[in-house]
Every structure is written in structure tokens, then in C-alpha cells.
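Structure at a glance
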Amino acid sequence: MSTTSTRPSAPTGAGIDPRGPQFTAALTAVVLLVVLVLPPTPAAVLTAVQAALFALGAALGVQHTPHAWLFRTVVRPRLSPPDDLEDPAPPRFAQTVGLAFTLVALVGYLTGVVLLAQVAIGLALVAALLNAVFRFCLGCEMYLLIKRATA
């Protein structure tokens, strides 16, 4: 479970509310679950949409996605202020990891290798659920391990 001891805090004003990526992960988990129960063609379309959302988060940062807008405008006003802010870099890296898995899945769907697609979606679903339910961001932890290994 990621806490401030494993996720570096960002300076005031430069960080993001850690509940935002958790909210995004919950929405992503629902989408990925739906992908797994759809026939291959609609699953490929929804996978492409999710890949585009991951690409947006990876390119611009998680705070600039439609999910983040929804969190900021609908959810966050109903919550107390966060205890701390989070560095946006680890969640951004996690979006890149999610993008990689959904691209593998998309290739699987488009080439008829449905099992490959479903396994890739399943792995992304597990990561999204870990973040949504336990606030354990697997991609964020990967980011921190890579940073430590290359420091």
C-alpha cells in the first residue's frame, strides 16, 4: 500500500491529490472489466479508447485527463483536503505502463490473438484494482524502483 513513505511528496502547489489517480484507477478497472466480457470487435474499440486515455495521461500527466477533470469538478469538492500532495511523475509513468498493456491487447484483438489481448487486459485490470482498492500503484512503485536503481 503506497503511502507517503514510498511515494515522495511534491512541493506545495506542484503535486496532485493522491485520491485522483485512485479514482481514475477505479474508472479504468470498470472499463477493463467491460472489455473482458465484450466480444472481440467491441472489446478492441473500447481497448483503443482506454489506450487513448492512457496515452493522454502519459503525455500530459494524469492531472490533465478527462478522469482528472471529473475528479476535480465532481468528487474532490465533496472531500476534505488531502493530507499531502503526490509527485505527479510516478502516476504519469504508471499511465505509460497501462498504455503498453492496452497496446499489446489492441494488437492481440486486431490480429485475432484474443487470448493475448485478454491476458494483457487482465494484467492491466489487476494493476488498476490494486490502485483503486488499496491505493497501491504498481506502476508508481516500478517508477520509484527504477529511479533508485538509476540514481
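Residues numbered from 1 in each chain as written. Predicted model: local features only at pLDDT ≥ 70, side-chain atom pairs only at ≥ 80, totals over all residues. Heavy atoms only, no water.

**A look at the packing of aromatic side chains**
In this description, an aromatic ring pair is defined by two values, namely the gap between the centres and the angle between the planes. Using the criterion set out here, one finds two aromatic pairs in the structure. On the numbers, 5.8 Å between centres and 40° between planes, the contact of Phe-23 with Phe-71 is tilted. Of this pair, Phe-23 sits in helix α1 (residues 19-37) while Phe-71 is found in helix α3 (residues 66-75), placing the two residues 48 residues apart along the sequence. With 5.8 Å between their ring centres and 50° between their planes, Phe-93 and Tyr-143 make a pair best called tilted. Taken together, the residues span a long stretch of sequence, with Phe-93 in helix α4 (residues 89-111) and Tyr-143 in helix α6 (residues 138-150) at a distance of 50 residues. (Phe/Tyr/Trp six-rings, centres within 6.5 Å; stacked < 30°, edge-to-face > 60°. Helix = DSSP H or I, 4+ residues; strand = E, 2+ residues; numbered from the N terminus.)

**Remarks on the nonpolar core**
The biggest cluster of nonpolar side chains holds 14 residues, and the ones touching the most others in it are Leu-32, Val-35, Ala-105, Tyr-109 and Ile-121. Of all the secondary structure elements, the ones that give two or more residues to this core are α1, α2 (40-60), α4 and α5 (114-134). With six residues, the single largest contributor to this core is α5. Non-local contacts of Ala-105, meaning those with residues more than four positions away in its chain, are made with Thr-47, Ala-117, Ala-120 and Ile-121. (Core = buried A, V, L, I, M, F, W, Y, C linked by side-chain atoms within 4.5 Å. Buried < 20%, exposed > 50% of the residue type's maximum accessible area, 1.4 Å probe, protein only. Contact = heavy atoms within 4.5 Å.)

**Some remarks on the pattern of salt bridges**
In this structure the tally under the stated criterion is two salt bridges. The salt bridge partner of Asp-17 is Arg-19, with a shortest N-O separation of 2.7 Å. With its nearest N and O atoms 3.2 Å apart, the salt bridge here joins Arg-76 to Asp-17. One end of the pair, Arg-76, is in the loop between α3 and α4; the other, Asp-17, is in the segment before α1, with 59 residues separating them in the sequence. Beyond isolated ion pairs, a larger network of salt bridges with shared partners links Asp-17, Arg-19 and Arg-76. (Salt bridge = Lys/Arg side-chain N within 4 Å of Asp/Glu carboxyl O.)

None of this, on its own, says anything about what the molecule does.
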